[in-house]
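Structural overview
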Amino acid sequence: MSQTTSQRRVTAADIARSLGISRATVGFVLNDTPGQTISEATRTRVLDEAKRLGYRTNIAARALASGRSRIVLLVLPDWPLDFNLRRNIEEASLALDEAGYALITYTAHPTGHARPLWETLQPDLVMSMTPWAPGQAAAIRAAGVARIIPDPEHATVEEWTEDGPSLQIRHLYDLGHRTIAFAGSADPRVADLVRLRRRAAEQAADSLGLDALPTDDLELTDASARAALSTWRAQGVTAVAAYNDDVGGALVGAALRTGLSVPGELSVIGHDDTPLASMLEPTLSTIRVDTAGLGRFFADLALSAVEGRPAPSVAPELRATLVERASTAPRGAVSLA
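1. Focus on the sheet that holds strand 8 (residues 267–269)
- Strand order across the open sheet formed by four strands is 6-5-7-8, with parallel pairing between neighbours. Every other strand in the sheet has two partners, leaving strand 6 (215–218) and strand 8 as the edge strands with one partner each. Within this sheet the neighbouring strands show an average axis-to-axis angle of 25°, counted without direction.
- Alignment of strand 5 (residues 180–185) against strand 7 (residues 239–242), held across four bridges, turns out to be parallel. Among the inter-strand pairings, Ile180 is bridged to a residue of strand 7, identified as Ala239.

2. Side note on helix 13 (residues 291–307)
- Here helix 13 spans 24 Å end to end across 17 residues, near enough to the 24 Å set by a 1.5 Å rise per residue.
- Within two residues after helix 13, Gly308 carries a phi angle of roughly 70°, on the positive side.

3. What to know about the side chain of Ser224
- With respect to the element layout, Ser224 can be found in helix 10 (residues 222–234).
- Among the residues examined, Ser224 registers a relative accessible area of 16% and is labelled buried.
- When residues no more than four places from it in sequence are discounted, the contact partners of Ser224 are Leu218 and Glu219.

4. Re the nonpolar core
- The biggest cluster of nonpolar side chains holds 67 residues, and the ones touching the most others in it are Met127, Ile169, Trp232 and Leu251.
- No other element matches the eight residues that helix 13 contributes to this core.
- Grouped together as the second largest cluster of nonpolar side chains are twelve residues, Val10, Ala16, Val26 and Val46 included.

5. Here we look at the packing of aromatic side chains
- One pass over the structure, following the stated rule, counts two aromatic pairs.
- Relative to Trp118, the ring of Tyr106 lies with its centre 5.7 Å away and its plane at 90°, an arrangement referred to as edge-to-face. Taken together, the residues Tyr106 in strand 2 (residues 102–107) and Trp118 in the loop between strand 2 and strand 3 (125–128) connect sequence positions twelve residues apart.
- On the basis of relative accessibility, which here comes to 12%, the residue Tyr106 falls in the buried class.
- The class for Trp118 is buried, based on a relative accessible area of 6%.
- For the cation-ring pair, Arg70 lies above Tyr101, with the distance from its terminal atom to the ring centre recorded as 4.2 Å.

About the thresholds
- Residues numbered from 1 in each chain as written.
- Predicted model: local features only at pLDDT ≥ 70, side-chain atom pairs only at ≥ 80, totals over all residues.
- Heavy atoms only, no water.
- Pairing = 2+ DSSP bridges.
- Helix = DSSP H or I, 4+ residues; strand = E, 2+ residues; numbered from the N terminus.
- Axes fitted to C-alpha atoms, helices over the stretch in contact; angles between N-to-C directions.
- Expected span 1.5 Å × (residues − 1).
- Buried < 20%, exposed > 50% of the residue type's maximum accessible area, 1.4 Å probe, protein only.
- Contact = heavy atoms within 4.5 Å.
- Core = buried A, V, L, I, M, F, W, Y, C linked by side-chain atoms within 4.5 Å.
- Phe/Tyr/Trp six-rings, centres within 6.5 Å; stacked < 30°, edge-to-face > 60°.
- Lys NZ or Arg CZ within 6 Å of the ring centre and 35° of its normal.

Fair warning: the whole summary comes from geometry, so function is off the table for now.
Following this line, the structure appears as structure tokens:
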């Protein structure tokens, strides 16, 4: 490689000069321009020489010429970046990369001091895992973004529902439990999701003819879990559906430390099937959601918007499923009362 090309970005002109062919031919090959009658041998020569010289596509120039940045901006809710969310993002990022797009994540914090990335990146698409805050979709469109998901004006995909809490309550009911509590998380960042799951659990309980679920939002501390268990013990609770596996694990640990048998005196079921669930003793019954599959689903949804593909449907295997382990069992003879 010459000193000149080693000190600056290699251009199409450098490749053309090295091969002794026209700049236009090189440009047609590098840009994969349709309708050109370029032999496969010439195409291979150009691509091999581009690789040898260290040619890299000028993304900014290509975006300017095509009107596309090949960037998908995923707006994340202000949630903890837990195991399942990381897996979801990783799979979506990989699937989009295979299609030639970069996935960039952005969290809009309540302070709102930072300039939103949709104003600086010129993404082809801005998508969110949750509904837009009031005025947010309009602000994104005002920044020049033509495609957003979810689109308040057009339904882009069937509505996603929380099936897990219903499966939790049904599982405990089928085991003979009739006084069931719901344990949420006190983390304010997931308050909306906790409310969603609690509401789904309450609806499931009501459909089964159960009394209103005793509920509490727990800090991930032994003291918080013990306090909730003490209250529920006095109410005759024999089973708890937890917002997630972290909360479920905190309850199992607190119950065992206070002398309660799990699952003999108290059954506990978590949600999300994180690695923690299978490492606890007793192992934690939980709800599994195919987060890797969901990541690919989000990628397909993005590609349907930016490339005009048919919108994907939520496949049955992406729905929540019960994972029954050792922390739940038929209601025992020992009462919490």
